[in-house]
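# Structure at a glance
Residue-level listing of the chains:
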Amino acid sequence: SEPLPEFSGAAIAAKYAILGGQDHTPAQAAAWTAITAHIDRLKAADHLLIAAPMWNLSIPYRLKHYIDIVTQPGLTFSFSPARGYSGLLKGKAATLIYASSGDYRPGSGNPRPDHQKPFLEAWLRFVGVTDIDTVAVEPTMGDPAVVARGQTEAEERAKQLAAAFIARVRDAELARAAS
């Protein structure tokens, strides 16, 4: 529901000014401040929760826009010729909740490509998030028995993840209180 800054014009110039070691113009500084506000909020999160429907075999354009904004060198990833790319969001966990009208579970026989799950998980690993749990609600259309089975499996998985999350939070609070 929040407005996302455009990633064009002054924002692109601001990014390249940083990469080139140059100062920002006032317009670039304003554009970059809008972007870094989203990055700061992302970096402050202990756990990321992303719920994404599959749209046209991929993710919604608004989620892709957000990913493009927050995936910035020196802020969410780094690069060195010796080591290559390295994610800077280490120590974070993520839960991804997917929904799709088609059945993309192993053994489903679905011949269509899934650019939703592989993309989001690759992006998270790229920025350094490697503790990733998933819940897939699929299929959401078709044979009612298959849809119901997919929903039941997703609900059970969500309950398991919620219980594990609550236990981790409780354990962390107990550890903080003991120290």
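Since this is a predicted model, take the numbers as computed values, not measurements. (Residues numbered from 1 in each chain as written. Predicted model: local features only at pLDDT ≥ 70, side-chain atom pairs only at ≥ 80, totals over all residues. Heavy atoms only, no water.)

Membership of the largest hydrophobic core comes to 25 residues, with the highest contact counts inside it found for L63, L120, W123, L124 and V129. Counting only elements with at least two residues in this core, the list comes to α1 (10–19), α2 (26–44), β1 (47–53), α3 (61–70), β4 (93–99) and α4 (117–126). No other element matches the five residues that α2 contributes to this core. In contact with L124, not counting residues within four places along its chain, are L48, A94, L96, V129 and I132. (Core = buried A, V, L, I, M, F, W, Y, C linked by side-chain atoms within 4.5 Å. Buried < 20%, exposed > 50% of the residue type's maximum accessible area, 1.4 Å probe, protein only. Helix = DSSP H or I, 4+ residues; strand = E, 2+ residues; numbered from the N terminus. Contact = heavy atoms within 4.5 Å.)

The next point concerns a nonpolar patch on the surface. Judged by side-chain polarity, I12, Y16 and L19 come together as a nonpolar surface patch covering roughly 300 Å² of accessible area. As for its placement among the helices and strands, I12 is situated in helix α1. (Patch = residues over 30% accessible without salt bridge, like charges linked within 9 Å, V, L, I, M, F, W, Y side chains within 5 Å. Areas by Shrake-Rupley, 256 points an atom, 1.4 Å probe, with all protein chains shown as cover. Salt bridge = Lys/Arg side-chain N within 4 Å of Asp/Glu carboxyl O.)

With respect to the helices, strands and loops of the structure, K117 is situated in helix α4. Beyond its immediate stretch of four places on either side in the chain, K117 contacts Y98, Y104, A136 and E138.

Here we come to α1. All of the buried residues along α1 are A11, A14, K15 and A17. The arc enclosing the buried residues of α1, seen along the axis, measures out at 160°, which places them on a common side. In this structure, the buried side of α1 is in contact with α2. In the segment just after α1, G21 is the residue with positive phi, at about 70°. (Arc of directions from axis to C-beta.)

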